[in-house]
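Structural features, examined
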Amino acid sequence: MNPASSSHNVDNNPPAPQTVSSTSPSDTTSPGTLSSKGRLLDAEDLARKRARDRKSQRAMRERAKWSMQCLTDQVTALTQALQNETREKEDLMSRFLAVSEELDHLRVQKAALQLRLLGNGTSTSKPESPVGTSPAALAPHEAIPLNTAPTTMSDQILQTFAEARWEAYTSPSQARVEAYPEKPDLSALFDGRPNRIIDETSGVVGDIVRSYKEIDTLPKQVAVHYVMSTLMKWQVLRNKASYDQMPEWLRPLECQMQVAHPSWMDRIPWPNVRQYLIECPGIAFDDFAGAYSTSFFIRWDYDPNHVIITTSAAEGGGILINPIYEEHIRQLKNWTVGDVFRRRFPELSTLVDVYSQSEQ
């Protein structure tokens, strides 16, 4: 190609049109403007998200508050129901104990009436006492204490029982004579059923002891039962064997044989206290018993349940005093009284302490 041709071609080609940029605001989209719009949109979204979060949290708090209130109401209702049920149970237990105590007293009164009216078919008149005839002519085991008419319910029961059984024991016309076991049966301390199988002496004494709610421990109950049943067995049989079976300190003093006195005094374990009560008769039974029953106790440092033993069916299936505990209570130094009795009867407490010290 020659230069002339090339130059001609160049000159004949029109120049390329130039692009002119628009300066209209609507057509202007700078990077800074886009960045500002993005930040504005992000802020609005964040605000809406925060609003939604606050609303959701507020709803959750409301639900939690409502749930807590419901649980609180349920706990309050259940607590109230439990308190009501507890009060009802306590009320029922109080009524049950009151009825049980009333039944025990009624059972004792029934026994007294039956013994007074029936006496196992014997005469209801009081048999002539050997004490009233010639005490000097009788052996010690034949002369029983000189008692006044009964002054308490327990005296009524025991005196009537002893008199009726003594008459039945000595009368040849009686076909049935009550059997007296060597050791008292303690089953009546635990079984108040009228159809229980137990000798009458142990049963009558057990009902009386059980009716005294102040005698509230097993060692005390067994000790009182032992004293009462052993004494009454001798007053019914009036033989040397039953007399010798009594602890020496329970055997009657001369003043008990010569001075008329209530029979409850004969069941006090300390001889010098019995003598004081007989020679100074100003102390009433209710006053004495109120302090004595709650205050006396046996010095026994072992398991209270070990004062009794249960025999096998082959041996009769009864509940007897543990021989170890029997020997323990036959020692008068193991009997004492507490503060209630000491504050009420300091002079008698001194007599108790003197006797106990002499046994050491």
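Note that the structure is a prediction, hence the values are computed from the model and not measured.

Things to note about the side chain of Ser 211
Tracing the backbone through its elements, the reader meets Ser 211 in helix H4 (residues 200-211). A polar contact of 2.6 Å, which involves the side chain of Ser 211, links it to the backbone oxygen of Ile 208.

Quick look at a positive patch on the surface
Among the surface-exposed residues, Arg 50, Arg 54, Lys 55, Arg 58 and Arg 61 lie close enough to one another that they form a single positively charged patch. By the element assignment, Arg 58 lies in helix H2 (residues 31-117). Note on Arg 58: relative accessible area 45%, which makes it partly exposed.

What about the UniProt feature "coiled-coil region" (unreviewed entry) in the protein?
UniProt records the feature "coiled-coil region" (unreviewed entry) at residues 68-95, using the numbering of this structure. Note that residues 68-95 is 100% helix and 0% strand, and that its end C-alpha atoms are spaced 40 Å apart.

Examining helix H3 (residues 153-170)
For H3, built from 18 residues, the straight-helix expectation of 26 Å at 1.5 Å per residue is met to within 8% by its first-to-last C-alpha distance of 26 Å. Within H3, 13 of the 18 residues are buried, which leaves it mostly tucked inside the rest of the structure.

Considerations on the packing of H3 against helix H5 (residues 218-237)
One way to put it is that H3 packs onto H5 with a least axis distance of 8 Å and a crossing angle of 40°. The angle between H3 and H5 places the two elements in the oblique class. When the axes of H3 and H5 are compared, the crossing they make is right-handed. Mapping the contact onto sequence places Leu 158, Phe 161, Ala 162, Arg 165, Trp 166 and Tyr 169 in H3 and Met 228, Met 232, Gln 235, Val 236 and Leu 237 in H5.

What counts as what
- Residues numbered from 1 in each chain as written.
- Predicted model: local features only at pLDDT ≥ 70, side-chain atom pairs only at ≥ 80, totals over all residues.
- Heavy atoms only, no water.
- Helix = DSSP H or I, 4+ residues; strand = E, 2+ residues; numbered from the N terminus.
- Polar contact = N/O pair within 3.5 Å; in protein donor to acceptor, adjacent residues only side chain to side chain.
- Patch = residues over 30% accessible without salt bridge, like charges linked within 9 Å, V, L, I, M, F, W, Y side chains within 5 Å.
- Areas by Shrake-Rupley, 256 points an atom, 1.4 Å probe, with all protein chains shown as cover.
- Salt bridge = Lys/Arg side-chain N within 4 Å of Asp/Glu carboxyl O.
- Lys, Arg positive; Asp, Glu negative; His and termini not counted.
- Charge placed at Lys NZ, Arg CZ, Asp CG, Glu CD.
- Buried < 20%, exposed > 50% of the residue type's maximum accessible area, 1.4 Å probe, protein only.
- UniProt positions renumbered as here; feature names shortened; annotations may be inferred.
- Expected span 1.5 Å × (residues − 1).
- Axes fitted to C-alpha atoms, helices over the stretch in contact; angles between N-to-C directions.
- Parallel < 35°, antiparallel > 145°, perpendicular 65-115°, else oblique.
- Left-handed = near helix turned anticlockwise from the far one by under 90°.
- Contact = heavy atoms within 4.5 Å.

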